[in-house]
Amino acid sequence: MSSEKTPGPARPEGPPTGAQLADALMRTTHALRRFAGQPYQQRGWSTSRVLLMLAVDEAGTPRMGELKDRLGVTGRSITSLVDGLEDEGLLKRCDDPGDRRSTRLEITAKGHEHLSEIKALHDAHAEVTFGILTDAERATLVDVLGRLRDHVAGRSPEPGR
């Protein structure tokens, strides 16, 4: 068996088109998401659970609705995730003193221990993921992705509109 790679489709002359860039970015994002979830799945944790815990930690004591918009999921999905994490003693619901209709989320002491493990796994796995890039390439990637995000963020309608 030969170690030569099968050639891919021929690349057209000139710079990639917007459609080619979008396709490459979406394929890469899909592969990165699958790869990023592996260390959590090995422990029986869903990626959604991990992302929710990280989002609550970053936001402090967010309203559930804020997380729904931030994570791009339905209210029902957030409720199910929060129910499970609350049953495990990792999150707790708190009344929002500024709005009786809202519920805020808070990470428990047990949740902070769990979060420490999540962050350690996340950091180690991210270094493996991006270990192929030089320091200069990492800086360029952060810059390019930030500029692209800012460019499209101003053109996207607000959630719920």
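What counts, and where the lines are drawn
- For every chain, the first residue of the written sequence is number 1, and numbering continues from 1 along that sequence.
- Given that the model is predicted, a residue must reach a pLDDT of at least 70 before its local features are reported, and side-chain atom pairs must reach 80 or more before they are shown or counted; all residues, however, enter totals for whole chains, interfaces and linings.
- Derived side-chain values reflect all non-hydrogen atoms in the structure, with water molecules and hydrogen atoms excluded from consideration.
- Helix and strand assignments come from DSSP, with helices taken as H or I runs of at least 4 residues and strands as E runs of at least 2, each series counted from the N terminus.
- Buried residues are those whose accessible area, probed at 1.4 Å on protein chains only, stays under 20% of the maximum for their type, while exposed residues exceed 50% and partly exposed ones sit between those limits.
- Here, residues are in contact when the closest pair of their heavy atoms is within 4.5 Å.
- Each accessible area is a Shrake-Rupley result for a 1.4 Å probe, and residues are judged covered by the shown protein chains and nothing else.
- Paired strands are those between which DSSP finds at least two bridges.
- Put simply, a nonpolar core is a bunch of buried Ala, Val, Leu, Ile, Met, Phe, Trp, Tyr and Cys residues held in one set by side-chain atoms that sit within 4.5 Å of each other.
- For a helix, the expected span equals 1.5 Å multiplied by the residue count minus one.
- The arc in question is the one traced by the directions running from the helix axis out to the C-beta atoms.
- Put simply, a salt bridge is a Lys or Arg side-chain nitrogen that is within 4 Å of an Asp or Glu carboxyl oxygen.

**With respect to the overall build of the protein**
Link 1 in the chain: Across its full length, the protein holds 6 helices and 2 strands.
Link 2 in the chain: The order of helices and strands in the protein, counted from the N terminus, is α-α-α-α-β-β-α-α.
Link 3 in the chain: With 161 residues in all, the protein has 20% of them scored as buried.
Link 4 in the chain: Nonlocal contacts in the protein, meaning residues at least 24 apart in sequence, comprise 52% of its contacts between residues at least 6 apart.
Link 5 in the chain: Roughly 12,100 Å² of accessible area belongs to the protein as shown, and the carbon and sulfur atoms make up 54% of that amount.

**Regarding the pairing of strand E2 (residues 99-107)**
Link 1 in the chain: When strand E1 (residues 91-96) meets E2, the two strands line up antiparallel, connected through 6 bridges. Opposite Asp95, over in E2, you have Thr103 as the bridge partner.
Link 2 in the chain: Linkage of E1 to E2, two consecutive antiparallel strands, is achieved through a turn of 2 residues.

**With respect to the nonpolar core**
Link 1 in the chain: Core analysis: the largest hydrophobic core is formed by 19 residues, its most contacted members being Leu52, Met53, Val56, Leu67, Val82, Leu91 and Ile118.
Link 2 in the chain: Within the residue set of this core, elements represented by two or more residues are helix H2 (47-59), helix H3 (64-71), helix H4 (75-87), E2 and helix H5 (109-130).
Link 3 in the chain: The element best represented in this core is H2, accounting for 5 residues.

**Side note on H4**
Link 1 in the chain: End to end, H4 covers 18 Å across 13 residues, agreeing with the expected 18 Å (1.5 Å per residue, within 8%).
Link 2 in the chain: All of the buried residues in H4 are Ile78, Val82 and Leu85. For H4, the arc enclosing every buried residue in end-on projection is 65 degrees, short of the 170-degree limit, so these residues lie on one face. In H4, the exposed positions that point more than 90 degrees away from the buried face belong to Arg76 and Asp87.
Link 3 in the chain: Of the residues one or two after H4, Gly89 is the one with positive phi, at around 80 degrees.

**What to know about the pattern of salt bridges**
Link 1 in the chain: Summed over the entire model, instances satisfying the criterion amount to 15 salt bridges.
Link 2 in the chain: A salt bridge links Asp83 to Arg93; the shortest N-O distance between them is 2.7 Å. Highlighted residues: Asp83 in helix H4 and Arg93 in strand E1, separated in sequence by 10 residues.
Link 3 in the chain: Note on Asp83: relative accessible area 32%, which makes it partly exposed.
Link 4 in the chain: Overall, Arg93 belongs to the partly exposed group, its relative accessible area being 28%.
Link 5 in the chain: A salt bridge links Asp143 to Arg147; its shortest N-O distance comes to 3.7 Å. Within this pair, Asp143 and its partner Arg147 are both found in helix H6 (residues 135-153), separated by 4 residues, close to a single helical turn.
Link 6 in the chain: The class for Asp143 is partly exposed, based on a relative accessible area of 41%.
Link 7 in the chain: According to the relative accessible area criterion, Arg147 is exposed, its value standing at 56%.

The values are spatial; any link to function lies outside them.
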